Amino acid sequence: MNRSIIIQGISFVIYLFLQVLILKNSVLFGSAFCFVYIGYLLLLPVETNPLWLMFIGFGMGLFIDMFYDSVGIHAAASVGVMYLRNFWLARVTPQGGYDNGAVPSIAADGLQWFMIYATPLVFIHHALLFFIEAGGFQYFGFTLVKVIFSTLYTMLVVLIIQYLFPGERRI
Amino acid sequence: MGRIFLFIYQYRAFFTFLLLELFCTWLVILNNRYQGASFFNSANSFVASVNGFSQNTREYFSLRETNSMLAEENTALRKKLEQLNQLALKTDTLAGADSTVIKRFDFISAKVVNNSIDRLTNFITLNRGSEDGIKPGMAVISSAGVVGKIKITSEHFSVVTSVLNVDIMVSALMKRTGYFGTIQWDGHDPDYVKLKFIPLHVKPQVGDTIMTSGYSGVFPEGIMVGTIAKINPGRETSFHDLDVKLSQDFRKLSYATIIRSNLLNELDSLEMKVPNMQ
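Residues numbered from 1 in each chain as written. Chains lettered and ligands numbered in written order. Predicted model: local features only at pLDDT ≥ 70, side-chain atom pairs only at ≥ 80, totals over all residues.

**Q** Explain the overall build of chain B here, please?
**A** Across its full length, chain B carries six helices and 12 strands. Put simply, chain B has 278 residues, and 30% of those count as buried. A sequence separation of at least 24 residues applies to 60% of the contacts in chain B between residues at least 6 apart. (Helix = DSSP H or I, 4+ residues; strand = E, 2+ residues; numbered from the N terminus. Buried ≥ 20, exposed ≤ 12 C-beta atoms within 10 Å, placed from the backbone. Contact = placed C-beta atoms within 7 Å.)

Below you can see the structure in the form of C-alpha cells.
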C-alpha cells in the first residue's frame, strides 16, 4: 500500500512536469491543446475513495493553473471530471467486473473499453475548461472547435504513453 | 439534527464536489476582478523559476533573430539620439522646460520568463518585480511595439496582461488620418488584433500605421502597434471593422521594456475631477 502511494506521488510529479515543461509549448494550429495530466487522473486505481479522487484532481488542477496563470480553471474542470469518474466507471464495468486493485487502463481491460471509458471524460474535462476560460458561450463555435481538436490530441498522447509504459502503475 | 448529519455524510462526495467547485469559482472570479489578490500565479518564485528554465531552453532556438532585432534597435536608437543632440545644439529649448515633464516616463528592461499566445486570456511573466519598482497598471512594450499592462507583481517577478487578451483595450491612433480608436483582440489569430470605433467617413488604407494615442496615460504616445492588414466589408454599424497586423510577433517575444509613467497619478486625478464638477 505504502509503495503504491509513493509510486503514485512520483507519477503525479512526472505528469505535472511533462505538462508544464513540454506539452505546454506544443499547441497545434492554435486550437489543439494537449492536457495529458488528465491521463494521470483517469488512471488512478478503480477503488480509490471518491473524496480522495476529487482532492487529487483539485491539487493537480491547481498546480497546472499556477503554471498557466489561469487560477481555478483547471482545478474546476479536474474536480468535475473526478466527481463524474466513479459514476461512469460503474456504468461501463467490463464483463466480470474489475479486479482487486485494478487500474482502468488498456493493459487491464483492452483498447476498446478504454476508449469508451476515457473519451467522454476527456471531452467533458476540455469542455468545462475552455468554456470556463471563455467566460460563457460568447465564443461558442471557436471554443467547441478547440474542445474537439484538443480531445483528439489529448487522447492520442494518453494512448501513446500507455503503449510506451504498459506495465507502469499496475500495482 | 442527527438526520442532517447522516444526510450530509451519505452524500459527502456530492457536498465535497460542491465545496471544491465553489472554491474554484471563487478563485476564478477573484483572479478576473482584482489585481494582485492571488498567490496562485506564475509570479510565485518556484513556478517562475521552472518557467524560466523552460524559457531559457526555448530561447536558444531564436537567438539569431533576437540578436539581429536588438542590433537594429540599437542603430535606430543611436540615430534618434544623434538627431536629438543636433536639435539640442540648435535650439536649446529644453533648458527651460519642466524637468518632470522631460522625465515623464522611466524605462525598465526585463526578460520574458513565461509567455502564452493560444488562449483567450494570455499572460506574460517578466523577471522584474516590486523590488525594481514595478507596480500593477504599468505599460509594457518591446523594441517592436506594444506588449501589455502589468497585472500582478511579486518581489522579483510580474505578470503582464498581454495585448492578446480579450479583456484588454488600448487606445490607438491612425498615424495618417489622426483618427483614434481602440485596439482589442478577438481571440483568434495571435498575429492580428481588431481596431474598433473608427467611423465610416474615414478612409483607412491597407498598410496604414497604427500607434498608441497616449490618451490613457499608461502608454506613451507614438508606440508602434502595427499596420492595417485588412479592411473588412462593413456590417451595419457606423464603424469600420479593421484587422491590424501586430508589429511584435508574440511567439518570439524574449525581452520587454516596462514603462513607468511618473505623471500617471496626476493625470488620473485631474480627469477624475471632471465629472465631480458638473
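**Q** Before we go on, may I ask you to explain the nonpolar core in this structure?
**A** Soluble, globular proteins show a tendency: their nonpolar side chains are buried together. Ranked by size, the top nonpolar core spans 94 residues in total, and within it A:Leu41, A:Val79 and B:Val244 carry the most contacts. Top contributing element to this core by residue count: helix α3 (residues 50–68) of chain A, with 10 residues. No fewer than three residues from each of domain 1 (2–33) and domain 2 (47–278) of chain B sit in this core. Other than its neighbours up to four places away in sequence, A:Leu41 contacts A:Ile56, A:Gly57, A:Met60, A:Ser78, A:Val81 and A:Met82. (Core = buried A, V, L, I, M, F, W, Y, C linked by C-beta atoms within 7 Å. Domains from an automatic or database assignment.)

**Q** Explain the confidence of the model for chain A to me, please; I cannot follow it from the model alone.
**A** Keep in mind that low pLDDT regions are not for reading the predicted coordinates in detail. Here chain A averages 83 in pLDDT, and 96% of its residues register 70 or above. Model confidence for chain A, summarised as mean pLDDT per element, is weakest for helix α5 (residues 106–109) of chain A at 78 and strongest for helix α2 (residues 37–42) of chain A at 89. (pLDDT = per-residue confidence, 0-100.)

**Q** Explain helix α7 (residues 140–164) of chain A to me, please; I cannot follow it from the model alone.
**A** Residues and elements named next belong to chain A. The first and last C-alpha atoms of α7 sit 36 Å apart over 25 residues, in line with the 36 Å expected at 1.5 Å per residue. Listed in full, the buried residues belonging to α7 are Thr 143, Lys 146, Val 147, Ser 150, Thr 151, Tyr 153, Thr 154 and Val 158. Elements in contact with the buried residues of α7: α2 and α6 (111–134). (Expected span 1.5 Å × (residues − 1).)

**Q** Hey, could you run me through the sheet that holds strand β5 (residues 158–165) of chain B in this one?
**A** In sheet architecture, strand pairing relies on hydrogen bonds along the backbone and comes in two forms, parallel and antiparallel. Residues and elements named next belong to chain B. Spatial ordering of the closed barrel is given by β1-β2-β5-β4-β3-β12, a layout of six strands whose pairing is antiparallel. In this sheet, neighbouring strand axes are inclined to one another by 45 degrees on average, regardless of whether the strands run parallel or antiparallel. Judged from the seven bridges that link them, strand β1 (residues 105–115) and strand β12 (residues 255–261) form a sheet pairing that is antiparallel. Looking at β12, one finds that Ala 110 is bridged to Ala 256. The sheet strands contacting helix α3 (residues 45–59) are β1 and β2 (121–126), and the helix crosses β1 at an angle near 80 degrees. (Pairing = 2+ DSSP bridges. Axes fitted to C-alpha atoms, helices over the stretch in contact; angles between N-to-C directions.)

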